[in-house]
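Read off the chains here:
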Amino acid sequence: MRNPRIHTSAPLQAGQTVTLDDSAAHHVGKVLRMQPGQPLVLFNGDGNNYPSELDEVGKKQVTARVLEAEPSASEPRLKIVLGQVISKGDRMDYAVQKSTELGVDTIVPLTSERCDVRLKGDREDKRIRHWQQVAISAAEQCGRATVPTIAPLASLSDWFEQSRDCDLRLVLHHRTEQALDQLTPPAHGIALLVGPEGGLSAAEIAAAQDQGFHPTAMGPRVLRTETAPVAAITLCQWLWGDFRE
């Protein structure tokens, strides 16, 4: 069994003693029932893993001593920015979790014409924090030493501008025959736009195309909003990323 991987927001370096935050401490002490002297791996998103050893596992705090820093071999070389229109229930959680496992760099929650979810104020902030925690948990599980950033909620027009640094920009559209392997390989990253349960409207797809997005199909079937990014990111990683290494 591999050593548990725990995310912390603290700076990390060899020889340092780290106090885990409440959530991590609960997981280590109450869920895993770990004891002092047992090994674990800490990471804070800087691209390194930090093999460590538990010092104290108490009711009030859990501390660990960092033994060394190891560059992670699990970081994707292909930059993928996912613009995902938010959806009901746990569909967005699934999209965030699986996209993290597959190597996405940034996830931008989006609103659109057919989006049925309305988030404002405290409710929006709460959901962004929740999705960031989903990404952290997925990174702990899959072995990544970086965590995708969950960006603030954005409109489609705002995201069109934000994604210009990606040289290949895709909008998933089941009514097109253009496949991924027909496109020029990206040099500076991929921006991937996925619509809501009801899909993007014709006007939104046209607007995306006007901004340089290529309409791209994932085969002859219509995929659900939470399945589409999984299929698309997998194919991108297979064609241009690290899935064939």
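Residues numbered from 1 in each chain as written. Predicted model: local features only at pLDDT ≥ 70, side-chain atom pairs only at ≥ 80, totals over all residues. Heavy atoms only, no water.

(A) View of the pattern of salt bridges. Applying the stated criterion across every chain yields a total of eight salt bridges. In this structure, R91 and E197 form a salt bridge, with 3.0 Å as the shortest nitrogen-oxygen distance. Of this pair, R91 sits in helix α2 (residues 91-102) while E197 sits in the loop between β12 (190-194) and α5 (202-210), and the two are 106 residues apart along the sequence. Given a relative accessible area of 36%, E197 falls into the partly exposed group. Residue D93 is joined to R127 by a salt bridge in which the shortest nitrogen-to-oxygen separation is 3.8 Å. Residue D93 is located in helix α2, and its partner R127 is located in helix α3 (residues 121-142); the two are separated by 34 residues in the primary sequence. Overall, the relative accessible area of 18% leaves D93 in the buried class. Overall, R127 belongs to the partly exposed group, its relative accessible area being 25%. (Salt bridge = Lys/Arg side-chain N within 4 Å of Asp/Glu carboxyl O. Helix = DSSP H or I, 4+ residues; strand = E, 2+ residues; numbered from the N terminus. Buried < 20%, exposed > 50% of the residue type's maximum accessible area, 1.4 Å probe, protein only.)

(B) Here's a closer look at unusual backbone geometry. Positive phi values are uncommon outside glycine, yet R33 reaches one of about 55 degrees. With respect to the secondary-structure elements, R33 resides in the loop between α1 (22-31) and β3 (39-43). Owing to a relative accessible area of 64%, R33 belongs among the exposed residues under this scheme.

(C) Local environment of the side chain of S87. Structurally, the position occupied by S87 is in the loop between β7 (80-85) and α2. For S87, a relative accessible area of 7% puts it in the buried group. Filtering out sequence-adjacent residues up to four positions away, S87 remains in contact with M92, V117, E197 and T225. (Contact = heavy atoms within 4.5 Å.)

(D) Structural detail: the packing of α2 against helix α6 (residues 228-240). Look at α2 against α6: their axes get within 9 Å of each other, and the N-to-C directions meet at 10 degrees. The angle between α2 and α6 falls in the class roughly parallel. When α2 is examined against α6, the residues Y94, A95, K98, S99 and L102 are found in contact with a partner set consisting of P229, V230, I233, T234 and Q237. Considered class by class, the residues forming the contact of α2 with α6 number six nonpolar, three polar and one charged. (Axes fitted to C-alpha atoms, helices over the stretch in contact; angles between N-to-C directions. Parallel < 35°, antiparallel > 145°, perpendicular 65-115°, else oblique. Nonpolar A, V, L, I, M, F, W, Y, C, P; charged D, E, K, R; others polar.)

(E) Here's a closer look at the packing of aromatic side chains. One pass over the full model with this rule turns up two aromatic pairs. Taking 5.7 Å as the distance between ring centres and 50 degrees as the angle between the ring planes, the aromatic pair formed by W159 and F213 counts as tilted. With W159 in helix α4 (residues 156-162) and F213 in the loop between α5 and β13 (214-216), this residue pair connects regions lying 54 residues apart in the sequence. We note that W159, like F213, is buried. Relative to F213, the ring of F160 lies with its centre 5.4 Å away and its plane at 55 degrees, an arrangement referred to as tilted. Here the residue F160 occupies a position in helix α4, and F213 occupies one in the loop between α5 and β13, the gap between them amounting to 53 residues. Here the two residues F160 and F213 agree in accessibility, since each one is buried. Through a chain of ring-to-ring contacts, the aromatic side chains of W159, F160 and F213 assemble into a single cluster. In this arrangement the basic side chain of R5 is found over the ring face of F43, its NZ or CZ atom lying 4.4 Å from the centre. (Phe/Tyr/Trp six-rings, centres within 6.5 Å; stacked < 30°, edge-to-face > 60°. Lys NZ or Arg CZ within 6 Å of the ring centre and 35° of its normal.)

(F) The environment of A203, seen in detail. Examined against the element boundaries, A203 turns out to sit in helix α5. Given the relative accessible area of 55%, A203 is considered exposed.

(G) Molecular detail of α5. Residues E204, I205 and A208 constitute the buried set of α5. Angular distribution of buried residues about the axis of α5 spans 100 degrees; they occupy a single face of the element. The outward face of α5, more than 90 degrees from its buried face, is lined by the exposed residues A202, A203 and D210. For α5, the elements touching its buried residues are α4, β11 (168-172) and β12. (Arc of directions from axis to C-beta.)

(H) Representation of the packing of α2 against α3. Interaxial distance between α2 and α3 falls to 8 Å at its minimum, and their mutual angle equals 35 degrees. Judged by the sense of rotation from one axis to the other, the crossing of α2 with α3 is right-handed. On the side of α2, the interface is formed by M92, D93, V96, Q97, T100 and E101, while α3 contributes R127, H130, W131, V134, A135, A138, A139, Q141 and C142. Of the residues belonging to the contact of α2 with α3, the class tally is eight nonpolar, four polar and three charged. (Left-handed = near helix turned anticlockwise from the far one by under 90°.)

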